[in-house]
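Coordinates in review
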Amino acid sequence: MELNELRIQLDQIDREMVSLFERRMRVCEDVARWKAENGRPILDASREKEKLQSVAQQLPEDLQEYGMSLYSLMMELSRSSQTRLLGHEKDLTHAIQSAIDHTTPLFPPSAMVACQGVEGAYSQQAAEKLFRHPHVMYFSNFEAVFAAIEKGLCRYGVIPLENSTAGSVNMVYDLMMRHNFRIVRSVRLKVDHNLLAKSGVKLEDIREVYSHEQAINQCSAFLQAHPEIRVVRCANTAEAARMVSQSDRRDIAALSSRACAELYGLQNLAPSCQNQGNNYTRFICISRELEIYPGADRTSLMVVLPHRPGSLYKLLSRFYALGINLNKLESRPLPDRDFEFMFYFDLDTSVYSPQFLQLMGELDTVCESFTYLGSYSEVI
């Protein structure tokens, strides 16, 4: 049989399938109305399980997995359609709409901002990119920044989330599971690491270099080229520069920013010594209250899914069905739960779109639990 003849057959089958799909979705709408009138939930897990088993039994063995995948997706689409049809309002969608209505139209030019590290830290530089006149309060670690937001000591906090070359800051993701906060904005900052030492010191004199673990990873090629230099990790790149400036030793250096060279009176022995010139760190600006400023086109979620096959697929299929693009997916192990994970999502969707509000109303039907972290825009 010729290819064109086979394609004609496929086209005919597809026309029949499209017609049957429409009929199925309309019947599902009728089912949704009946459930609403009789106080029944949209999801009937036992019915879906029986249906999938029935589908598998009706297919040849080599097609059973394909058939179950197809019907699982159709059931997700049906539930999405039913939720939209019934217009179920959730507390979360009310909170989001209230934040949109009550957040001031302009991002504040000045605020009390919590940052990890000391003066000159990259977090401070990110804060200065977000706010025209930030009043920065420094804390020794990331957990203290989260605590300052929860307690209302600072209105905002600025913390690094991921780097274009070294990847995610795992400690921050772990802390995000333990603290209450909202993301109100994000910013990408060009990161430029330099080997800073006291005036008059030469590169061949250096025996130890201090810096944050992320900066050390980002400068791994430079450090490998100098195996005689011992690497010492510390809490912050700016703190490393301050330690070098205050020390009496002349055989130590710091991997830090050009701003810290000027701030702490150090000379630059090796400018831009990171592995890649295109080195950016993404910082998030967090607050205790939900604030959604105009133009918010990115949403962040933390999700815990049932520990069974297909759970992540079902959630991703819901994004696909609503036409929502996924910018980031990160997983972190859940404390006290063996081989189970929290999933972090960045979604590319306008907070004003009906698809976004529909998703927010549907998430609890496919997740064991989830946390809405906020909707915001990113400063580049």
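On a predicted model such as this, the values are computed, not experimentally measured, just so you know. (Residues numbered from 1 in each chain as written. Predicted model: local features only at pLDDT ≥ 70, side-chain atom pairs only at ≥ 80, totals over all residues. Heavy atoms only, no water.)

**Overview of the nonpolar core**
Phe146, Ile159, Val172, Met176, Ile183, Ile286 and Tyr344 are the most contacted members of the largest nonpolar core, which totals 26 residues. Ranked by residue count, the leading element in this core is helix H6 (residues 142–150), at five residues. Val172 has contacts with Phe142, Phe146, Ile159, Pro160 and Leu161, leaving out every residue within four places of it along the chain. Among the nonpolar cores identified, the runner-up in size contains 24 residues, and Val303, Leu322, Val366 and Cys367 belong to it. (Core = buried A, V, L, I, M, F, W, Y, C linked by side-chain atoms within 4.5 Å. Buried < 20%, exposed > 50% of the residue type's maximum accessible area, 1.4 Å probe, protein only. Helix = DSSP H or I, 4+ residues; strand = E, 2+ residues; numbered from the N terminus. Contact = heavy atoms within 4.5 Å.)

**As for the pattern of salt bridges**
As enumerated under the stated definition, the model contains 18 salt bridges in all. We note a salt bridge from Arg155 to Glu291, for which the minimum N-O separation is 3.3 Å. Placement of the pair is Arg155 in the loop between H6 and strand S3 (156–163) and Glu291 in the loop between strand S11 (280–287) and strand S12 (298–304), with a sequence separation of 136 residues. Residue classification places Glu291 among the buried residues on the basis of a relative accessible area of 9%. For Glu208, the salt bridge is made with Arg249, and the minimal N-O distance between the two is 3.2 Å. Here Glu208 is found in strand S7 (residues 208–211), whereas its partner Arg249 is found in the loop between helix H10 (237–246) and strand S9 (252–256), with 41 residues between them in sequence. In this structure Glu208 comes out as buried when scored by relative accessible area, which is 12%. In this structure, a network of salt bridges that share partners links the residues Glu162, Arg188, Arg282, Arg298, Lys328, Glu330, Asp346 and Glu378. (Salt bridge = Lys/Arg side-chain N within 4 Å of Asp/Glu carboxyl O.)

**Some details on the sheet that holds strand S13 (residues 325–333)**
Strand order in the open sheet formed by four strands is S13-S14-S12-S15, and the pairing between neighbours is antiparallel. One side of each edge strand has no neighbouring strand; the edge strands of this open sheet are S13 and strand S15 (369–376). Along the sheet, successive strands turn relative to each other by an average axial angle of 15°, direction set aside. Relative to S15, S12 is paired through seven bridges, and the arrangement is antiparallel. Bridge pairing links Met302 to Thr371 in S15. Across the sheet, helix H12 (residues 311–321) is in contact with S12, S13 and strand S14 (341–348); its angle to S14 comes to roughly 10°. (Pairing = 2+ DSSP bridges. Axes fitted to C-alpha atoms, helices over the stretch in contact; angles between N-to-C directions.)

**Overview of the side chain of His212**
When you line up the elements, His212 lands in the loop between S7 and helix H8 (213–218). A polar atom in the side chain of His212 sits 3.0 Å from the backbone nitrogen of Gln214. When neighbours within four sequence positions are excluded, His212 is seen to be in contact with Cys234, Ala235, Asn236 and Thr237. (Polar contact = N/O pair within 3.5 Å; in protein donor to acceptor, adjacent residues only side chain to side chain.)

**Observations regarding the state of the cysteines**
Scanning all chains against the criterion turns up zero disulfides. Cysteine Cys219 shares no disulfide, and the gap to the nearest cysteine sulfur, in Cys273, comes to 4.1 Å. (Disulfide = S-S within 2.5 Å.)

**Regarding the side chain of Thr103**
On the secondary structure map, Thr103 appears in the loop between helix H4 (91–102) and strand S1 (110–116). Take Thr103: its relative accessible area is 13%, and that puts it in the buried class. At 2.6 Å, the side chain of Thr103 forms a polar contact with the backbone oxygen of Ala99. In this structure the side chain of Thr103 is engaged in a polar contact, spanning 3.0 Å, whose partner is the backbone nitrogen of Ile292. Ignoring any residue separated from it by four or fewer positions in sequence, one finds Thr103 in contact with Leu290, Glu291, Ile292 and Tyr293.

**Notes on the sheet that holds strand S8 (residues 230–233)**
Here five strands make up an open sheet; going across it, the order is S8-S7-S9-S6-S10 and the pairing mixed. In this open sheet, the two strands that pair with only one neighbour each are S8 and strand S10 (267–270). Recorded for the sheet is a direction-independent mean angle of 35° between the axes of neighbouring strands. The sheet contact formed by S7 and S8 spans four bridges and is parallel. For Tyr210, the partnering residue across the bridge sits in S8 and is Val232. Running over the sheet, H10 touches strand S6 (194–197), S7 and S9 and is turned about 155° from S9.

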